[in-house]
Amino acid sequence: MNYLIGDLQGCCDAFERLLATLDFSPSRDRIYLLGDLVNRGPCSLKVLERLAGFGDAAVCLLGNHDLHLLAVAHGVRRAHRSDTLGDVLASPRRDHWLNWLRHQRLAVQEHGWLMVHAGVVPQWSAAQTLALAGEVETMLRSADLPAFLQVMYGNEPARWDHTLQGPDRWRFVINVLTRIRFCDADGTLDYKLKEGADAAPPHLVPWFDAPGRRTADTPIAFGHWSTLGALDRTDLLALDTGCVWGGRLTAARVDGGRRERISVACPQALAPM
């Protein structure tokens, strides 16, 4: 059985209860984690240990919080007041876990679903999304990682152009795959609005409603957007149901033509800011 699972954010106890509810067995089943494995919840290190222990039975995508851990560990970013990354950073196996993390994926397409942490821009096809994600994955795994992290952050460029090269290209790809919620009709990214889809001003649309989206015929599963609310369409699965905020941790079984959502309640690990 194949399950897609929303943002864990270091909430290992809820993850264990979800696995028990699913009767998950790594010898029989496969889980796909849609990014933000760590941070804000109480057990970031324990989550990484659990996921790595499943081997090929767990496919993990990187989210913005996972990249933030890499940046903090390399001295590129300061830890935020609400970060809970200390257990990873203080671990005797710190280097092992950082290396494991940077070898995870940014996009996967399996079982009929394109999986990303946040979303895609309307100009990208599914094949292009996977190819661009692969470019950044190669950088994350390379000896150039420290230099790459130095140029990873920023809000420009805000719109896709196929001629983008180097840091501008990689930064845009990361911003789309791990940060996007809203964009203009032409795909220009907006980074300010974090509320639900109905909060958008007239000039913005949720990325999945952008006109002319080339992935419109591709089922997409994503996390990242806890304020979006339940979204379970034929072509879309939103699976960040706010576990770290005291919401739920949600999985979706997608094998054999099934579409079944399973979730468990989560104690609040972080108060909304």
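Scroll up for the structure.
What you see is a predicted model; the values in this text were computed from it and never measured.

Colleague: Is there a simple way to think about unusual backbone geometry in this case?
Modeller: Only a minority of non-glycine residues have a phi that is not negative, and only a minority of peptide bonds are not trans. Cis geometry marks the peptide bond from E156 to P157, where omega comes out at 0°. At D36, a residue that is not glycine, the phi angle is positive and equals roughly 55°. D36 sits in the buried class, given a relative accessible area of 2%. The phi dihedral of H224 is positive, around 75°, even though this residue is not glycine.

Colleague: What is the right way to read the environment of G134 from this model?
Modeller: Tracing the backbone shows G134 in helix α6 (residues 126–141). The class for G134 is partly exposed, based on a relative accessible area of 22%. Counting along the chain gives 26 residues from G134 to V108, while the straight-line C-alpha distance between them is 9.8 Å.

Colleague: Teacher, can you tell me more about helix α8 (residues 166–179) here?
Modeller: Across its 14 residues, α8 extends 19 Å between first and last C-alpha, which sits within 8% of the 20 Å expected from 1.5 Å per residue. Summarising burial for α8: 10 of the 14 residues are buried, a large majority. Of all the positions in α8, only G166, R169, R171, F172, V173, I174, N175, V176, L177 and T178 are classed as buried. For α8, the elements touching its buried residues are α3 (64–73), β5 (113–116), α6, α7 (145–150) and β7 (189–190).

Colleague: Is there a simple way to explain the sheet that holds strand β6 (residues 182–183) in this structure?
Modeller: Across the sheet, three strands lie side by side as β7-β6-β8; this open sheet has antiparallel pairing. Since the sheet does not close on itself, it has two edges, and those belong to β7 and β8 (205–206), each with one partner. Here β6 pairs with β8 via two bridges, running antiparallel. Its bridge partner being in β8, C183 is matched across the sheet by V205.

Colleague: Any chance you could explain the packing of helix α1 (residues 12–22) against helix α2 (residues 44–53) here in plain terms?
Modeller: Axis angle and axis distance: for two packed helices, these are the angle between their axes and the distance between the axes, and together they describe the pair. One can describe the packing of α1 onto α2 by two numbers: an axis separation of 9 Å at closest approach and a directional angle of 35°. When α1 is examined against α2, the residues C12, D13, F15, E16 and L19 are found in contact with a partner set consisting of K46, V47, R50 and L51. When grouped by side-chain class, the residues that make up the contact of α1 with α2 number five nonpolar, no polar and four charged.

Colleague: Help me understand the packing of aromatic side chains in this model?
Modeller: We describe a pair of aromatic rings using the distance from one ring centre to the other and the angle between the two ring planes. Under the counting rule described, the total for this entry stands at 11 aromatic pairs. Taking 5.0 Å as the distance between ring centres and 75° as the angle between the ring planes, the aromatic pair formed by F24 and F54 counts as edge-to-face. Of this pair, F24 sits in the loop between α1 and β2 (30–33) while F54 sits in the loop between α2 and β3 (58–60), placing them 30 residues apart in sequence. Assessed through its relative accessible area of 12%, F24 is described here as buried. Their ring planes at 75° and their centres at 6.4 Å tell us that W97 and W100 sit as a pair that is edge-to-face. One end of the pair, W97, and the other, W100, are both in helix α5 (residues 94–101), three residues apart, so they sit about a helical turn from each other.

Colleague: Can you walk me through the packing of α2 against α5 in this structure?
Modeller: Put simply, α2 and α5 touch, their axes get as near as 11 Å, and they point 65° apart. As α2 runs across α5, the sense of the crossing is left-handed. For the pair formed by α2 and α5, the contact residues are L45, L48, E49, L51 and A52 on the first element and W97, W100 and L101 on the second. Each residue belonging to the contact of α2 with α5 can be placed in one class, and the counts come to seven nonpolar, no polar and one charged.

Colleague: How should the layout of surface pockets be read in this particular structure?
Modeller: Empty space among the atoms becomes apparent when a probe as large as a water molecule is rolled across them. In this model, the largest pocket occupies a volume close to 910 Å³. Listing elements by their share of the lining of the largest pocket, those giving two or more residues are α3 and α8. Of the residues that constitute the lining of the largest pocket, the class distribution is nine nonpolar, 12 polar and 11 charged.

Colleague: Just checking my understanding: could you explain α6 for this structure?
Modeller: Each α-helix winds once per 3.6 residues, and so residues spaced three or four apart point in a common direction. A rise of 1.5 Å per residue sets the reference length of α6, with its 16 residues, at 22 Å; its end C-alpha atoms lie 22 Å apart and thus fit the reference within 8%. Of the positions making up α6, those classed as buried are A126, T129, L132, A133, V136, E137, M139 and L140. Projected down its long axis, α6 shows its buried positions confined to an angular sector of 160°, all on one face. Away from its buried face by more than 90 degrees, α6 exposes A127 and T138. The elements touched by buried residues of α6 are α3, β4 (107–110), β5, α7 and α8.

Criteria and thresholds
Residues numbered from 1 in each chain as written. Predicted model: local features only at pLDDT ≥ 70, side-chain atom pairs only at ≥ 80, totals over all residues. Heavy atoms only, no water. Buried < 20%, exposed > 50% of the residue type's maximum accessible area, 1.4 Å probe, protein only. Helix = DSSP H or I, 4+ residues; strand = E, 2+ residues; numbered from the N terminus. Expected span 1.5 Å × (residues − 1). Contact = heavy atoms within 4.5 Å. Pairing = 2+ DSSP bridges. Axes fitted to C-alpha atoms, helices over the stretch in contact; angles between N-to-C directions. Nonpolar A, V, L, I, M, F, W, Y, C, P; charged D, E, K, R; others polar. Phe/Tyr/Trp six-rings, centres within 6.5 Å; stacked < 30°, edge-to-face > 60°. Left-handed = near helix turned anticlockwise from the far one by under 90°. 1 Å grid on protein atoms, 1.4 Å probe; cavity = no way out; pocket = protein on both sides within 12 Å on 5 of 7 lines; lining within 4 Å. Points joined across faces, edges and corners; volume = space filled by probe spheres on them. Arc of directions from axis to C-beta.

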